[in-house]
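A structural walkthrough
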Amino acid sequence: MKKSLFYGILASLFFAFTFVFNRSMNLGGGYWIWSASLRYLFTLPIMWLLVRRQQGTALVMGEIRRYPVRWIWWSTVGFGLFYAPLTLASVYGESWFVAATWQITIVAGILLTPLFGKPVPMKNLGFSGVILAGIFLLQLSHFQTMEPSHMGISFCLILAAAFAYPLGNRKMMSCCPENMTTVQRVFGMTLCSMPFWILLSLFALIGHGFPETGQIVQSFIVALFSGVAATVLFFEATNMTKHNPRQLAVIEATQSGEVLFTLLGGILFLGDPVPSVAGFAGIALVIAGMVGGSLVSAK
């Protein structure tokens with residue numbers, strides 16, 4: 001259990017790189033489209049190497065050839081319409097604000113449950129209310145440091161991303177065969193989202209030119225740490241505890257640590273302002289809602 005817990009916490013640390021480096025690239029003058037596109041352009045060859053090592057590329061390519069429209073559409077929703085708005089949101093808000101508000105995706109996932117033929121889990125929805133209360137406190141505290149219009153734009157972008165991510169991923173999970181691993185599915189979705197990212201990259205190239213070296217380097221770090229390392233660590237941690245529901249719930253709850261890691265990274269390295277008392281209370285409620293929801297799920 002100690003080893004899996006360490007993996008889960010380390011994964012949340014690597015996931016936090018997404019929010020900190022996206023904010024850093026924006027503060028450094030990097031164009032947000034390059035920040036979003038480069039992550040997936042770098043992630044694709046890394047995921048291909050992982051899948052090729054497992055000799056699983058044939059299965060993925062075969063499924064894509066059978067259902068190309070389904071793969072391209074839901075991959076674009078799950079990856080493109082998730083990460084592009086989330087990256088743009090970092091233009092308007094501090095890294096910790098985006099990371100904490102992003103947790104609304106838990107609520108979105110619950111509300112999408114009826115689309116897959118299952119009833120809404122009311123106990124989980126109750127804890128989601130705690131998360132929403134925390135997000136409200138975060139928004140309230142942000143009025144002091146952020147223009148209301150910018151805050152509204154950031155929140156709407158994160159809201160769109162929060163629904164697109166679980167919708168695209170759940171649709172693809174329901175479409176993929178049972179013998180396809182998660183790594184294979186992520187590789188296939190990354191590959192099929194490439195038309196979206198290539199179009200965005202062409203738009204960025206025409207309008208803003210090539211990205212700076214610093215942005216390229218930071219985007220590669222995000223791809224390596226968040227897109228690959230964090231995912232592999234988290235999946236390994238859940239695999240180690242899959243036969244014990246309560247331990248598995250604890251591992252899932254470790255991902256709330258990304259809010260704290262992002263908060264510390266933003267303050268220490270980007271000069272983000274320290275949250276107010278209401279902001280800290282909001283972060284505490286978000287984490288409490290996530291942990292409580294995970295424990296309820298285990299029961």
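Numbers given for residues are sequential positions, taken from 1 along each chain in its written order. Since the coordinates come from a predicted model, pLDDT governs what is reported: local features require at least 70, and pairs of side-chain atoms require 80 or more to be given and counted, while whole-chain, interface and lining totals use all residues. Calculation of side-chain values draws on the structure's entire complement of heavy atoms; hydrogens and water are dropped beforehand.

Here we look at the overall build of the protein
The condition that has to hold: Think of it this way: any DSSP run of H or I at least four residues long counts as a helix, any run of E at least two long counts as a strand, and we number them from the N terminus. In this treatment the radius of gyration is a C-alpha quantity, and the globule benchmark scales as 2.2 Å times the residue count to the 0.38 power. We call a residue buried when its accessible area falls under 20% of the maximum for its residue type, exposed when it is over 50%, and partly exposed in between, using a 1.4 Å probe and counting protein chains only. Throughout, a contact is declared for two residues whenever any of their heavy atoms are within 4.5 Å. For the area figures, the Shrake-Rupley method with a 1.4 Å probe applies, and any residue is considered shielded solely by the protein chains shown. We score Asp and Glu as negative and Lys and Arg as positive, and we do not count His or the chain ends. Here the site of a charge means atom NZ of a Lys, CZ of an Arg, CG of an Asp or CD of a Glu.
Scanning the protein from terminus to terminus reveals 14 helices and zero strands. Counting from the amino terminus, the protein carries its helices and strands in the arrangement α-α-α-α-α-α-α-α-α-α-α-α-α-α. Relative to the 2.2 N^0.38 estimate, which gives 19 Å for 299 residues, the radius of gyration of the protein is 19 Å and therefore close to what a compact globule would have. Considering only C-alpha atoms, the protein reaches an extent of 55 × 55 × 35 Å along its principal axes. Counting over 299 residues, the protein shows a buried share of 51%. Within the protein, residue pairs in contact and separated by at least 24 positions form 87% of the contacts whose partners lie at least 6 positions apart. Of the roughly 13900 Å² that the protein leaves accessible, carbon and sulfur atoms contribute 70%. A distance of 14 Å separates the average location of the 17 positive side-chain charges in the protein from that of its 9 negative side-chain charges.

Topic: the nonpolar core
Using the following cut-off: Buried Ala, Val, Leu, Ile, Met, Phe, Trp, Tyr and Cys residues that are joined via side-chain atoms within 4.5 Å together make up what is termed a nonpolar core.
W71, Y83, L86, W102 and W197 are the most contacted members of the largest nonpolar core, which has 72 residues in total. Y83 has contacts with T18, N22, S35, A36, R39, Y40, W197 and V222, leaving out every residue within four places of it along the chain.

Section: the state of the cysteines
Note the threshold: In this description, the term disulfide denotes a pair of cysteine sulfurs within 2.5 Å.
Summed over all chains, the structure comprises zero disulfides. Free of any disulfide, C176 has its nearest neighbouring cysteine sulfur in C175, separated by 6.8 Å. Given the relative accessible area of 13%, C176 is considered buried. Looking at C192, it has no disulfide partner, and the nearest cysteine sulfur is the one in C176, 9.7 Å off.

Focus on the environment of M122
Take M122: it is sitting in helix α7 (residues 122-142). Sequence spacing of M122 and R23 is 99 residues, and the spatial spacing of their C-alpha atoms is 35 Å.

Concerning a nonpolar patch on the surface
Defined as follows: In this analysis, a patch consists of residues with relative accessible area above 30% that form no salt bridge, clustered at 9 Å for like charges and at 5 Å for the nonpolar side chains Val, Leu, Ile, Met, Phe, Trp and Tyr. We count a salt bridge whenever a side-chain nitrogen from Lys or Arg sits within 4 Å of a carboxyl oxygen from Asp or Glu.
A cluster of nonpolar side chains, namely L41, I198, L199, L202, L205 and F210, defines an oily patch on the protein surface of about 580 Å² accessible area. Considering each element in turn, the nonpolar patch owes the most residues, four residues, to helix α10 (residues 194-208). Secondary-structure assignment places L202 in helix α10.

Some remarks on the side chain of R39
We count it as follows: Counted as a polar contact is a pair of N or O atoms within 3.5 Å, where, for protein atoms, one must be capable of donating a hydrogen and the other of accepting one, and residues adjacent in sequence contribute only when both atoms are in side chains.
Topologically, R39 is positioned in helix α2 (residues 32-53). Within polar-contact distance, the side chain of R39 engages the side chain of T18 at 3.4 Å. Once residues lying within four places of it in the same chain are set aside, the contact partners of R39 are T18, Y83, S219, V222, A223, S226 and G227.

Points about the confidence of the model for the protein
The following threshold applies: On a range of 0 to 100, pLDDT expresses the predictor's confidence in each residue.
Considering every residue of the protein, the mean pLDDT works out to 85; 91% of them sit at 70 or more. Confidence, read as mean pLDDT per element, is least for helix α12 (residues 245-253) in the protein (62) and greatest for α10 (96).

Some points on α2
The condition that has to hold: Helix span, expected: 1.5 Å multiplied by one less than the number of residues in the helix.
Helix length check: α2 (22 residues) gives 33 Å between terminal C-alpha atoms against 32 Å at 1.5 Å per residue, within 8%. The positive-phi residue at the C-terminal boundary of α2 is Q55, with phi of around 55°.

Examining the packing of helix α3 (residues 57-66) against helix α9 (residues 182-192)
To keep things clear, this is the line we draw: Angles shown run from 0 to 180 degrees and are taken between the N-to-C directions of axes, each axis being a line fitted to C-alpha atoms and, for helices, limited to the stretch in contact. Geometric relationships in this document are graded by angle, where less than 35 degrees denotes roughly parallel, more than 145 denotes roughly antiparallel, 65 to 115 denotes roughly perpendicular, and other angles denote oblique. Here is the rule for handedness: rotate from the far helix to the near one, and if that takes an anticlockwise turn smaller than a right angle the crossing is left-handed, while a clockwise turn gives right-handed. For this classification, the nonpolar set comprises Ala, Val, Leu, Ile, Met, Phe, Trp, Tyr, Cys and Pro, the charged set comprises Asp, Glu, Lys and Arg, and every other residue, Gly included, is treated as polar.
Running from amino to carboxyl end, α3 crosses α9 at an angle of 50°, the nearest separation of the two axes being 10 Å. It follows from the interaxial angle that α3 and α9 lie oblique. Seen from above, α3 lies across α9 with right-handed handedness. Of the residues in α9, those touching α3 at L59, V60, M61 and I64 are Q184, F187, G188, L191 and C192. Considered class by class, the residues forming the contact of α3 with α9 number seven nonpolar, two polar and no charged.

Considerations on the packing of aromatic side chains
Our working definition: Only rings of Phe, Tyr and Trp enter the pairing, Trp through its six-membered ring, and a pair is recorded when the two centres are within 6.5 Å. The plane angle decides the type: under 30 degrees is stacked, over 60 is edge-to-face, the rest tilted. Only Lys NZ and Arg CZ are tested; either one counts as a charge over a ring when it is within 6 Å of the ring centre and within 35 degrees of the ring normal.
Throughout the structure, instances matching the rule amount to 16 aromatic pairs. Pairing W102 with Y165 gives two aromatic rings, centres 5.8 Å apart and planes at 65°, and the pair type is edge-to-face. Taken together, the residues W102 in the loop between α5 (95-101) and α6 (105-111) and Y165 in helix α8 (residues 148-175) connect sequence positions 63 residues apart. When its relative accessible area of 32% is taken as the criterion, Y165 is described as partly exposed. Three or more aromatic residues joined by ring pairs form one cluster here, namely Y40, F79, F82, Y83, W102, Y165, F196 and W197. The residue whose ring lies beneath R39 is Y83, and the NZ or CZ to ring-centre distance is 4.5 Å. We note R70 situated over the ring of Y67; from NZ or CZ to the ring centre the distance is 4.1 Å.

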